[in-house]
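Below, each chain spelled out in residue letters.
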Amino acid sequence: MKIALILSVAIASSLPAVAMANEKLAQDKQCFGCHTTKPDGAAPSFQKISQHWKGNKDAEAKLVAIIRQGSAATAGPHWNKATMPDQAERPLVSEAEARQIAKWVLGQ
Ligand code: HEC
């Protein structure tokens, strides 16, 4: 019993804290109002986006632009008819925050 408790505490504390902080940042910026990590919501899932951009060396820069300026930054929409709005309609995301979230999205 005691061993199981110690074990579960050890496992919980080894969870990637950085990934969790990045997900929290995406939550704070209301990204999950439209996106989810797996099934598609109104917007493509972060997992699908990650797969789409895999191997593209410009991925991070493109994603940062889209996260800050919306679909129009890359002449979108390209997934469907819905567009991702610019920051007039959602919480402000700084360049550094966008970079952090883009890295997290690409890791999904
Ligand atoms: C109002 C709904 C909405 C919100 C809020 C939103 N998005 Fe989006 N996002 C979309 C839609 C719709 C698309 C698909 C646009 C397209 O087809 O080009 C998209 C596309 C994207 C893409 C992929 C673009 C591509 O071409 O592959 C990324 C990355 C992304 N969003 C990240 C984010 C992040 C990070 C946040 C939070 C800061 C966020 N989005 C908030 C609706 C939203």
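In what follows, the structure referred to is the one given above.
Residues numbered from 1 in each chain as written. Predicted model: local features only at pLDDT ≥ 70, side-chain atom pairs only at ≥ 80, totals over all residues. Heavy atoms only, no water.

Engineer: Lay out the site of the ligand in plain terms, naming residues and giving numbers.
Structural biologist: Taken together, 25 residues lie around the ligand, and Cys 31, Cys 34, His 35, Trp 79 and Met 84 are the ones closest in. His 78 is positioned with one of its backbone polar atoms (N or O) 2.9 Å from an oxygen atom of the ligand. Within the shell around the ligand, the residues separate by chemical class into 17 nonpolar, six polar and two charged. (Near = heavy atom within 4 Å. Polar contact = N/O pair within 3.5 Å; in protein donor to acceptor, adjacent residues only side chain to side chain. Nonpolar A, V, L, I, M, F, W, Y, C, P; charged D, E, K, R; others polar.)

Engineer: Residues and numbers for the coordination of the iron atom of the ligand, please.
Structural biologist: The protein atoms that coordinate the iron atom of the ligand are His 35 (NE2) and Met 84 (SD), at distances spanning 1.9 to 2.0 Å. Relative to the metal, the six donor atoms surrounding the iron atom of the ligand lie at angles of 85 to 179 degrees, and the coordination shape comes out octahedral. Here His 35 is found in the loop between α2 (17-28) and α3 (46-53), whereas its partner Met 84 is found in the loop between α4 (59-69) and α5 (95-106), with 49 residues between them in sequence. Classification of His 35 by relative accessible area gives buried; the value is 10%. Classification of Met 84 as partly exposed rests on a relative accessible area of 24%. (Donors = N, O, S within 2.8 Å, 3.2 Å for Na, K, Ca; no water. Tetrahedral: all angles 85-135°; square planar, octahedral: opposite > 155°, others 65-115°. Helix = DSSP H or I, 4+ residues; strand = E, 2+ residues; numbered from the N terminus. Buried < 20%, exposed > 50% of the residue type's maximum accessible area, 1.4 Å probe, protein only.)

Engineer: Account for the packing of aromatic side chains, naming residues and giving values.
Structural biologist: The relation between two aromatic rings is expressed through the spacing of the ring centres and the mutual angle of the planes. Using the criterion set out here, one finds three aromatic pairs in the structure. Ring geometry for Phe 32 and Trp 104: centres 6.1 Å apart, planes at 80 degrees, overall edge-to-face. A residue pair is termed long-range when its members are at least 10 positions apart, and Phe 32 in the loop between α2 and α3 and Trp 104 in helix α5 qualify at 72 residues. For Phe 32, a relative accessible area of 26% corresponds to the partly exposed category. On the basis of relative accessibility, which here comes to 5%, the residue Trp 104 falls in the buried class. (Phe/Tyr/Trp six-rings, centres within 6.5 Å; stacked < 30°, edge-to-face > 60°.)

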